[in-house]
Amino acid sequence: MKLTKQLSLFDFTIIMVSLVIGMGIFRTPSNVAMAVGSPAVFYAAWIVGGFIALCGALTYAEIGSRMPVTGGYYKVIAFAYHPSIAFAINCIILVSNAASLAAVALVGGEYITGVLIPASQQQRWISNPENTLYIQHLQIGIAICAVIIFYGLNLMGLKMSARAQNILTVIKILMVIALISPLFFAGSSSANTVVTHVSTASPAFVEYLKSFGIGLVAVSFTYGGYQQTINFGEEVVQPKKTIPRGIFFGIIIIILLYFFINYAYVNVIGFERLKTAKNIAAIMASKVFGQNAEKILSVLLFLSVLAYVNITLMSNPRVMAAMSDDNILPPAFKKRNVKTEALTTSLTVFSILCVFIIFWAKEFDTILSFTIFLDCFGMAFSAGSIFIIRKKTSYLDDSGIYIMKLYPLLPLIFIAAYVFVGISILVTNTKISLVGLAVLAAFIIFYFVAEKLKEQKNMHQ
């Protein structure tokens with residue numbers, strides 16, 4: 001069926017911002033601070049991460065402008081390489097995205113649990129293992145409820161979910177701006193804490209590089225997501241212009257917000273406390289505005305979770321539909337509701353996968369390295385496709401599409417960065433990395449077995 005072009009530049013920019021700003025920025029700065037050990041390396045990790053994200057965003061802007069199709073993340077890899085590689089990469093990306101959703105939903109569960117059960121009460125309960133298990137189950141239940149709610153909303157169609165996304169993302173952006181505001185109200189004592197805790201030691205360059213790599217893993221998770229914007233290509237108004245503009249505007253908004261909010265974290269909370277803090281946004285609000293503000297902020301943070309859950313459920317079923325178009329997945333995966341145009345089967349399967357990972361992982365930190373390790377494959381292969389797609393679509397060069405400057409330097413920087421991140425995870429978290437490699441190998445084997453069975457079936461017909 002011919003799809004309606006429903007997404008304007010504003011809608012697409014909001015989608016871009018929503019795909020990146022989940023709950024990571026309200027959680028991963030603690031992981032980065034713990035890994036790097038000093039404020040200087042902490043800021044360097046976020047600045048470098050922002051530059052890498054800009055390189056990637058401009059790369060995907062050109063890819064999306066050259067191939068504005070539904071499920072573009074699958075289509076571009078199949079077009080540039082081979083359907084087997086596209087199948088394997090996109091399957092692990094679907095798992096990775098489901099894991100990202102699970103991680104974000106669990107962090108949301110942490111915040112909203114803090115509203116339902118005060119922190120002082122949680123501290124008393126921790127001594128009892130049964131109570132600790134109850135808190136964990138409550139967080140898991142909240143995360144699953146978020147998935148179920150927005151599964152239902154997405155069944156109502158793209159326009160409905162896009163409207164909800166616009167509202168939730170505007171709330172999210174305003175909340176980030178509100179978290180930056182303590183810089184203008186807080187005293188200077190926290191800033192002094194930063195200075196007094198800067199280490200005077202001078203570790204070897206290799207140790208700096210190792211800690212920087214570990215920190216960059218969490219930064220990459222927080223900046224990731226913008227590559228999924230190319231999944232909406234066929235449903236965007238004037239896609240050749242709208243896609244690159246939306247990606248560019250979105251990444252600039254994200255980089256600015258991330259820089260200022262991390263500066264606020266260090267100056268208001270203090271770098272040493274940031275290393276061990278979990279609910280950092282709520283802590284920061286309470287430092288200036290008191291305990292009631294912390295609860296209000298926790299509710300707003302949960303709305304931020306809902307925004308990320310919604311956009312992830314909007315994006316990933318379109319990849320599954322694209323795989324179905326190429327007969328990689330059964331025809332049911334591209335089936336749309338006649339009235340709402342919702343991808344009912346793909347949406348249902350992806351939602352079930354998200355719920356399963358929430359049960360399996362149970363904690364944010366378990367998911368983080370696994371997600372980013374899988375993402376490294378997808379990022380490197382999809383961004384690398386620009387070298388092939390440029391040659392295959394050279395006839396479009398004078399048609400008004402977006403063509404990035406500083407090519408091929410920008411995509412090469414982006415690819416090299418994700419290779420570095422992947423190696424860092426392999427060195428520091430070998431077990432999780434081996435699980436990721438096993439998942440990738442299993443999907444490649446599955447593809448060729450399925451193709452062989454399909455050939456045998458055709459021979460006997």
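Conventions adopted
Residues numbered from 1 in each chain as written. Predicted model: local features only at pLDDT ≥ 70, side-chain atom pairs only at ≥ 80, totals over all residues. Heavy atoms only, no water. Helix = DSSP H or I, 4+ residues; strand = E, 2+ residues; numbered from the N terminus. Buried < 20%, exposed > 50% of the residue type's maximum accessible area, 1.4 Å probe, protein only. Contact = heavy atoms within 4.5 Å. Areas by Shrake-Rupley, 256 points an atom, 1.4 Å probe, with all protein chains shown as cover. Axes fitted to C-alpha atoms, helices over the stretch in contact; angles between N-to-C directions. Parallel < 35°, antiparallel > 145°, perpendicular 65-115°, else oblique. Left-handed = near helix turned anticlockwise from the far one by under 90°. Expected span 1.5 Å × (residues − 1). Salt bridge = Lys/Arg side-chain N within 4 Å of Asp/Glu carboxyl O. Patch = residues over 30% accessible without salt bridge, like charges linked within 9 Å, V, L, I, M, F, W, Y side chains within 5 Å. Phe/Tyr/Trp six-rings, centres within 6.5 Å; stacked < 30°, edge-to-face > 60°. Polar contact = N/O pair within 3.5 Å; in protein donor to acceptor, adjacent residues only side chain to side chain. pLDDT = per-residue confidence, 0-100. Core = buried A, V, L, I, M, F, W, Y, C linked by side-chain atoms within 4.5 Å.

Let's shift gears to the overall build of the chain. A tally of regular secondary structure across the chain gives 18 helices and zero strands. Looking at the chain as a whole, 56% of its 461 residues qualify as buried. In the chain, 84% of the contacts between residues at least 6 apart in sequence involve partners at least 24 apart. Summing over all exposed atoms, the chain offers an accessible surface of approximately 19,200 Å²; the carbon and sulfur share of this is 67%.

What follows covers the packing of helix 1 (residues 9–20) against helix 11 (residues 239–269). The relative placement of two packed helices is expressed as an angle between their axes plus a distance between the axes. The N-to-C vectors of helix 1 and helix 11 enclose an angle of 45 degrees; their axes lie 8 Å apart at closest approach. For the element pair helix 1 / helix 11, the angle class is oblique. Taken as a pair, helix 1 and helix 11 cross one another with a handedness that is right-handed. Residues Leu-9, Phe-12, Thr-13, Met-16, Val-17 and Val-20 of helix 1 form the contact with helix 11, whose participating residues are Thr-242, Ile-243, Arg-245, Gly-246, Ile-247, Phe-249, Gly-250, Ile-251, Ile-253, Ile-254 and Tyr-258.

Looking at the element boundaries, Lys-334 is found in the loop between helix 14 (291–325) and helix 15 (344–361). Of the residues examined, Lys-334 reaches a relative accessible area of 36% and is grouped as partly exposed. Those residues in contact with Lys-334 that lie beyond four places of it in its chain are Ala-321, Ser-324, Asp-325 and Leu-343.

Bringing helix 17 (residues 409–428) into the picture now. Taking 1.5 Å per residue, 20 residues should reach 28 Å; helix 17 reaches 29 Å between its end C-alpha atoms and fits that length. Buried residues of helix 17: Leu-410, Pro-411, Phe-414, Ile-415, Ala-417, Tyr-418, Val-421, Gly-422, Ser-424 and Ile-425, and no others.

Below, the discussion takes up the packing of helix 1 against helix 8 (residues 158–180). Taken N-terminus to C-terminus, the directions of helix 1 and helix 8 make an angle of 60 degrees; their axes are 9 Å apart at the nearest point. Between helix 1 and helix 8, the interaxial angle falls into the category oblique. Read as a crossing pair, helix 1 and helix 8 show a hand that is left-handed. Residues Phe-10, Asp-11, Ile-14, Val-17 and Ser-18 of helix 1 lie in contact with helix 8, whose contacting residues are Lys-159, Gln-165, Asn-166, Thr-169, Lys-172 and Ile-173.

Across all of its chains, the model carries five salt bridges by this definition. For Glu-62, the salt bridge is made with Arg-66, and the minimal N-O distance between the two is 2.9 Å. Residue Glu-62 and its partner Arg-66 are both found in helix 3 (residues 39–66); the two are separated by four residues, about one turn of the helix. The exposure classification of Glu-62 matches that of Arg-66, with both residues buried.

On to a nonpolar patch on the surface. On the surface, Leu-9, Ile-47, Phe-248, Phe-249, Ile-252, Leu-256, Phe-259, Phe-260 and Tyr-263 cluster together into a nonpolar patch covering about 790 Å² of accessible area. The element contributing the most residues to the nonpolar patch is helix 11, with seven residues.

Now for the environment of Ser-38. Here Ser-38 shows up in the loop between helix 2 (28–36) and helix 3. Among the residues examined, Ser-38 registers a relative accessible area of 12% and is labelled buried. Between the C-alpha atoms of Ser-38 and Glu-272, which are 234 residues apart in sequence, the distance is 8.9 Å.

Given two aromatic rings, their pairing is described by the distance between the two centres and the angle made by the two planes. Counted under the stated rule, the structure contains 18 aromatic pairs. Measuring from ring centre to ring centre gives 5.6 Å for Tyr-81 and Phe-381, while their planes differ by 80 degrees; the resulting arrangement is edge-to-face. Here Phe-381 lies in helix 16 (residues 364–392) and Tyr-81 lies in the loop between helix 4 (72–80) and helix 5 (83–116), a separation of 300 residues in the sequence. Judged by relative accessible area, Phe-381 falls into the partly exposed class, the value being 32%. Taking the centre distance of 5.0 Å and the plane angle of 55 degrees together, the rings of Phe-414 and Tyr-418 count as tilted. Of this pair, Phe-414 and Tyr-418 are both found in helix 17, four residues apart, which corresponds to roughly one turn of the helix. In this structure, Phe-414 and Tyr-418 share a single accessibility class: buried.

A separate point is the side chain of Arg-390. Checked against the element boundaries, Arg-390 lands in helix 16. Accessibility expressed as a relative area gives 18% for Arg-390, which makes it buried. Among the polar contacts made by the side chain of Arg-390, one reaches the side chain of Glu-62 at a distance of 2.7 Å. With near-sequence residues (within four places) excluded, Arg-390 lies in contact with Glu-62, Arg-66, Ile-403, Met-404 and Tyr-407.

In this section: the confidence of the model for the chain. Of all residues in the chain, 85% have pLDDT values of 70 or greater, and the mean over the chain is 80. Residue range residues 188–202 is modelled with pLDDT below 50. Its contacts to residues more than four positions away, or to other chains, number 15 contacts.

Glancing now at the nonpolar core. Counting 147 residues, the largest nonpolar core has Phe-26, Tyr-226 and Tyr-265 as the members making the most contacts within it. With 20 residues, the single largest contributor to this core is helix 5. Not counting residues within four places of it along the chain, the set of residues in contact with Tyr-226 comprises Met-16, Val-20, Ile-52, Ala-53, Gly-56, Ala-57, Tyr-60, Ile-251, Met-379, Phe-414 and Tyr-418.

To continue, consider the environment of Ile-425. The topology assignment puts Ile-425 in helix 17. Note on Ile-425: relative accessible area 1%, which makes it buried. With 211 residues separating them in the primary sequence, Ile-425 and Ile-214 have C-alpha atoms 7.2 Å apart. If near-sequence neighbours (up to four positions away) are discounted, Ile-425 is found in contact with Val-217, Ser-369, Ile-372, Phe-373, Thr-430 and Ser-433.

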